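Structure assessment
Each chain, letter by letter, is given below.
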Amino acid sequence: MIQILDIIGVFVFAISGVLAAINKKLDLFGVFIIAFVTALGGGTLRDVLIGRMPVGWMENLNYVYIIILGCIVAIVFRNYLNKLRVSLFLFDTIGLGVYTLIGIEKGLEYGLHPTVCITLGTITASFGGLIRDILCNEIPLLLRKGTIYATICIIGGILFFVLRFLGLEDSVNELITSLFIIIFRLMAVHFSWSLPVITIKS
Amino acid sequence: MIQILDIIGVFVFAISGVLAAINKKLDLFGVFIIAFVTALGGGTLRDVLIGRMPVGWMENLNYVYIIILGCIVAIVFRNYLNKLRVSLFLFDTIGLGVYTLIGIEKGLEYGLHPTVCITLGTITASFGGLIRDILCNEIPLLLRKGTIYATICIIGGILFFVLRFLGLEDSVNELITSLFIIIFRLMAVHFSWSLPVITIKS
Amino acid sequence: MIQILDIIGVFVFAISGVLAAINKKLDLFGVFIIAFVTALGGGTLRDVLIGRMPVGWMENLNYVYIIILGCIVAIVFRNYLNKLRVSLFLFDTIGLGVYTLIGIEKGLEYGLHPTVCITLGTITASFGGLIRDILCNEIPLLLRKGTIYATICIIGGILFFVLRFLGLEDSVNELITSLFIIIFRLMAVHFSWSLPVITIKS
């Protein structure tokens, strides 16, 4: 189940990368690189920080092939993707929930502190987009005012460890927390929840 | 002693990150991330390059908690920080001296060549600001004309290895070199010392 | 032979970095950093991704000294480099061929899949320029429309593994593939071959 959602996540993140790259008028190679870092950049950074090398996608090339497939689909159907905006958003949201839990899991595997695990979950789920924005020469969307995104991963991560502390089994907990993140994100978009921007008196 | 200065360094670098982030109108999450990379980005990059994983802050969360504290303090007192400009500059300078030596120490621990150790000291002390500027979509201040900064780390590092070669004990040497870097930086700012910009005839 | 070409590659990539940095009006330290990442950024990223730490240049400082030499030469002769444009382009092209094979070799050494090896070759040969452009606050040239560059590394890498599969010895294969990449690149520039930019109907 997690595995299928994981694959859908990579696929959708790749498509969103393709759209960003087309928007920036990059060439075919650029489109592929942006799709790649959007989908796998967060997980790659996580692997490097914890010392899990060669990084994940080098040992499981299915991810790379799914990204190539995602690029082809996105390029062929680029003029129709607008109509799929709602489905894409839904899958992106599923990706957010699944990736956060995958990141947390990796942290637990390495025996790291809950705070670090939550950080790794957040990096896995949201830093691909940050690297994409750096490559596209923009201030990362993730850091600017907008509907909350990474913050939801953090809150979801905290929920995971509270439930774990209360004795909930990990597999059930992962399901519940993923769903919590997904629903939270849907509500955040629906109600336009955002974090405040701090201003300074001049 | 080093430990207290280290903590002050993280705290002050986090505050300077918060101010940069507010200036860029980032949201609360963005403010925290910029504070984090400004304070710990250099050390994290150093750890990755030498293969010290999980990277440092994952094994000593005090750094993360100090950054959170730095964010809170900086946000609450943001309208008064201008008046503290001099104290902030002083602590930033102390951070420069302390971080350089911490980086050199890590290099020695890993049995690396003096040139590499000096590079690691410079990265530890000054590359957090470089990553901050990349995230804020600016050409890193570190690379542009301005009062010398990273260059002082390099000169301090050379001094450290000259004194070491002359037989000075490491703990005394660290103290002397840190002080040298701090005083050098204060003088550089006072006298506006900067490196030349190379121009080309067109 | 490979070693001499490797040194020439680092030297030329450093010079091209210096020119980019001068163009951005960076100071002396900035010039050195940009020369460094242009020459060694791709290989460093490769080393980190496969877990080869301390990264390569830390164990063989000759690379660093060649970059320093490249900086000095480039700065002293900066007003004459335009006249050497053709020689520089030739060496850059040799670098492309040599670096791709060095990256592939490292991947084989670590027992990685051909697809990963080709990726590592491409990263080694072309991602230094990408990091340079990020530091200079530009959308990486590598990702934008222009004469094909990274794509040639990929095609060369595929050729290498086809020839390997057919039983060709690695040392001969490396020579042939390098030459193929070099000639391919020369032809690409001569005939202005580029990848298409995908556009979207609005």
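Procedures and definitions
Residues numbered from 1 in each chain as written. Chains lettered and ligands numbered in written order. Predicted model: local features only at pLDDT ≥ 70, side-chain atom pairs only at ≥ 80, totals over all residues. Heavy atoms only, no water. UniProt positions renumbered as here; feature names shortened; annotations may be inferred. Helix = DSSP H or I, 4+ residues; strand = E, 2+ residues; numbered from the N terminus. Least-squares fit on C-alpha atoms with pLDDT ≥ 70 in both. Contact = heavy atoms within 4.5 Å. Buried area = accessible area lost by both parts, 1.4 Å probe. Salt bridge = Lys/Arg side-chain N within 4 Å of Asp/Glu carboxyl O. Polar contact = N/O pair within 3.5 Å; in protein donor to acceptor, adjacent residues only side chain to side chain. Nonpolar A, V, L, I, M, F, W, Y, C, P; charged D, E, K, R; others polar. 1 Å grid on protein atoms, 1.4 Å probe; cavity = no way out; pocket = protein on both sides within 12 Å on 5 of 7 lines; lining within 4 Å. Points joined across faces, edges and corners; volume = space filled by probe spheres on them. Phe/Tyr/Trp six-rings, centres within 6.5 Å; stacked < 30°, edge-to-face > 60°. Buried < 20%, exposed > 50% of the residue type's maximum accessible area, 1.4 Å probe, protein only. Axes fitted to C-alpha atoms, helices over the stretch in contact; angles between N-to-C directions. Parallel < 35°, antiparallel > 145°, perpendicular 65-115°, else oblique. Left-handed = near helix turned anticlockwise from the far one by under 90°. Core = buried A, V, L, I, M, F, W, Y, C linked by side-chain atoms within 4.5 Å.

- In the annotation of an unreviewed UniProt entry, chain A is listed under the name Glycine transporter domain-containing protein and assigned to Flavobacterium sediminis.
- UniProt lists a comment for chain A under the heading Subcellular location (unreviewed entry), and it reads "Cell membrane".
- Its UniProt record, at the heading Sequence similarities (unreviewed entry), says of chain A: "Belongs to the UPF0126 family."

1. A word on the UniProt feature "domain: Glycine transporter" (unreviewed entry) in chain A
Residues and elements named next belong to chain A.
- According to UniProt, the feature "domain: Glycine transporter" (unreviewed entry) maps to residues 4-78 and 90-163 in the numbering used here.
- The annotated region residues 4-78 carries 83% helix and 0% strand content, and the separation between its end C-alpha atoms amounts to 24 Å.
- Helix makes up 76% of residues 90-163 and strand 0%, whereas the separation of the span's terminal C-alpha atoms amounts to 26 Å.

2. Here's the deal with the relation of the copies chain A and chain B
- Of the two same-sequence chains, chain A is brought onto chain B (RMSD 0.0 Å, axial shift 0.0 Å) by a rotation of 120°. Such a combination of rotation and displacement between the chain copies is what one expects of a three-fold axis. Across chain A, the rotation axis passes nearest the C-alpha of A:N137, at a separation of 3.8 Å.
- Looking at chain A, a mere 12% of its interface residues are interface residues in chain B too, so the copies touch through different faces.

3. A short note on the interface of chain A and chain B
- Listed by partner, the interface residues are 33 residues for chain A and 26 residues for chain B.
- Taken together, both faces of the contact between chain A and chain B bury some 2,600 Å²; the carbon and sulfur share is 74%.
- On the chain A side of the interface with chain B, the three residues burying the most area are A:L49, A:L143 and A:I198, jointly 27% of the side's total.
- Joining chain A to chain B, the criterion identifies zero salt bridges.
- Run the count over chain A and chain B and you get six residue pairs in polar contact (both at pLDDT 80 or more).
- Of all the secondary structure elements, the ones that give two or more residues to the side of chain A that touches chain B are helix 2 (28-50), helix 6 (114-135) and helix 7 (150-165) of chain A.
- Considering each element in turn, the side of chain A that touches chain B owes the most residues, eight residues, to helix 6 of chain A.
- Taken together, the residues that form the side of chain A that touches chain B break down as 21 nonpolar, eight polar and four charged.

4. Side note on empty space enclosed by the protein
- A full pass over the atoms with the stated rule returns one cavity of 30 Å³ or more.
- Roughly 80 Å³ of internal volume is contained in the largest cavity.
- Taken together, A:I134, A:N137, A:E138, B:I134, B:N137, B:E138, C:I134, C:N137 and C:E138 make up the full set of residues lining the largest cavity.

5. Some points on the relation of the copies chain A and chain C
- When chain A is fitted onto chain C, the two copies agree to an RMSD of 0.0 Å after a turn of 120° and an axial shift of 0.0 Å.
- When the interface residues of chain A are mapped onto chain C, a mere 15% of them again fall at the interface, so the copies present different faces.

6. Brief notes about the packing of aromatic side chains
All names here are of chain B.
- Throughout the structure, instances matching the rule amount to 21 aromatic pairs over all chains.
- Relative to F36, the ring of F32 has its centre 6.0 Å away and its plane inclined at 55°; by these criteria the two rings are tilted. Note that F32 and F36 are positioned in helix 2 (residues 28-50) at a spacing of four residues, about one turn of the helix.
- F32 gets classed as partly exposed once you look at its relative accessible area, which sits at 24%.

7. Thoughts on the packing of helix 7 of chain A against helix 8 (residues 170-191) of chain A
Residue and element names in this part refer to chain A.
- Where helix 7 contacts helix 8, the axes come no closer than 9 Å and their chain directions differ by 150°. As judged from the angle between their axes, helix 7 and helix 8 are roughly antiparallel. With respect to the hand of their crossing, helix 7 and helix 8 are arranged in right-handed fashion. Where helix 7 abuts helix 8, its residues I152, I155, G156, L159, F160, L163 and R164 lie against D170, N173, E174, I176, T177, F180, I181, F184, R185 and A188.
- Grouping the amino acids of the contact of helix 7 with helix 8 by side-chain chemistry returns 10 nonpolar, three polar and four charged.

8. Digging into the nonpolar core
- Ranked by size, the top nonpolar core spans 207 residues in total, and within it A:W57, A:M58, A:I67, B:M58, B:I67, C:M58 and C:I67 carry the most contacts.
- Each residue touching C:M58, except ones within four places of it in the same chain, is listed here: B:L49, B:I50, B:L112, B:V116 and B:L120.

9. A few points about the UniProt feature "transmembrane region" (unreviewed entry) in chain A
- What UniProt calls "transmembrane region" (unreviewed entry) maps, in this numbering, to residues 30-49, 61-80, 86-104, 147-167 and 179-200 of chain A.
- Its end C-alpha atoms 38 Å apart, residues 179-200 of chain A is made of 59% helix and 0% strand.

10. Observations concerning the environment of C:G9
Residues and elements named next belong to chain C.
- Within the element layout of this structure, G9 appears in helix 1 (residues 2-23).
- Note: C-alpha distance between G9 and V37 (28 residues apart in sequence) is 13 Å.
- Here G9 is in contact with G95 and Y99, once residues within four sequence places are set aside.

11. Re the pattern of salt bridges
All names here are of chain B.
- Inspection of the entire model under this criterion finds 15 salt bridges over all chains.
- Of the charged contacts, one joins R164 and D170 as a salt bridge, the two residues approaching to 3.0 Å between their closest N and O atoms.
- Note on D170: relative accessible area 26%, which makes it partly exposed.

12. Some details on the interface of chain A and chain C
- The partner chain C presents 33 residues to the 26 residues of chain A that form the contact.
- For the pairing of chain A and chain C, the buried interface totals around 2,600 Å² over both sides, and the portion due to carbon and sulfur atoms is 74%.
- Its largest share of buried area at the contact with chain C, chain A owes to A:D27, A:F29 and A:M58, together 24% of the area lost on that side.
- Run the count over chain A and chain C and you get six residue pairs in polar contact (both at pLDDT 80 or more).
- Breaking the side of chain A that touches chain C down by element, the ones donating at least two residues are helix 2, helix 3 (56-59), helix 4 (62-76) and helix 6 of chain A.

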